[in-house]
Amino acid sequence: MNLELRKTFQFEAAHLLPRLPESHKCRRLHGHSFQAEIVVAGPCDPTLGWVMDYADISAAFKPLWEALDHSYLNEIPGLENPTSENVAVWIWERLKPELPALKEVVIAETCTARCVYRGS
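What comes next is a walk through the structure.

Reading guide: rules and limits
- Residues numbered from 1 in each chain as written.
- Predicted model: local features only at pLDDT ≥ 70, side-chain atom pairs only at ≥ 80, totals over all residues.
- Heavy atoms only, no water.
- Salt bridge = Lys/Arg side-chain N within 4 Å of Asp/Glu carboxyl O.
- Helix = DSSP H or I, 4+ residues; strand = E, 2+ residues; numbered from the N terminus.
- Buried < 20%, exposed > 50% of the residue type's maximum accessible area, 1.4 Å probe, protein only.
- Phe/Tyr/Trp six-rings, centres within 6.5 Å; stacked < 30°, edge-to-face > 60°.

### Remarks on the pattern of salt bridges
By the definition in use, this model includes seven salt bridges. Between Lys-62 and Glu-66 there is a salt bridge, with its nearest N and O atoms 3.9 Å apart. With Lys-62 and Glu-66 both in helix α1 (residues 54-68) and four residues apart, this pair spans about one turn of that helix. Relative accessible area serves as the criterion here: at 49%, Lys-62 is assigned to the partly exposed category. Linking Glu-93 and Arg-94 is a salt bridge whose minimum nitrogen-to-oxygen distance equals 3.8 Å.

Encoded structure:
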């Protein structure tokens, strides 16, 4: 039996998208209440009855959350152009070594706009 776990984290951050025309609203400094959904998948351990402990997902994401929360994303190395797409890839690249079962990173910058990254 293969199952999928999803754990959602929220972080507050400011950014601007420097490659857009000056006239674009996202070129100006602004902030979001971002949500990062971390998805892992794997077989269910027959003894424990779970794929993995949600606390292990939280522990792996904690250093990334600490870097992202209440920050200016453009100042984080690797996020000089912090689109949702680039934030998703940035998280994936840092989280995959800690969570080999990682299958998906979803970044929502609003309640109606999100990006899904499933690795390369």
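### Section: the packing of aromatic side chains
Tallied over the entire structure, the rule returns three aromatic pairs. Seen in terms of ring centroids, Phe-11 and Phe-34 are 5.0 Å apart; in terms of plane orientation they differ by 10 degrees. Their pairing is stacked. Here the residue Phe-11 occupies a position in strand β1 (residues 2-15), and Phe-34 occupies one in strand β2 (residues 30-43), the gap between them amounting to 23 residues. Phe-34 matches Phe-11 in its accessibility class, with the two residues each being buried. Measuring from ring centre to ring centre gives 5.5 Å for Trp-92 and Tyr-117, while their planes differ by 90 degrees; the resulting arrangement is edge-to-face. A residue pair is termed long-range when its members are at least 10 positions apart, and Trp-92 in helix α2 (residues 84-95) and Tyr-117 in strand β5 (residues 114-117) qualify at 25 residues. Neither Trp-92 nor Tyr-117 differs from the other in exposure class; each is buried.

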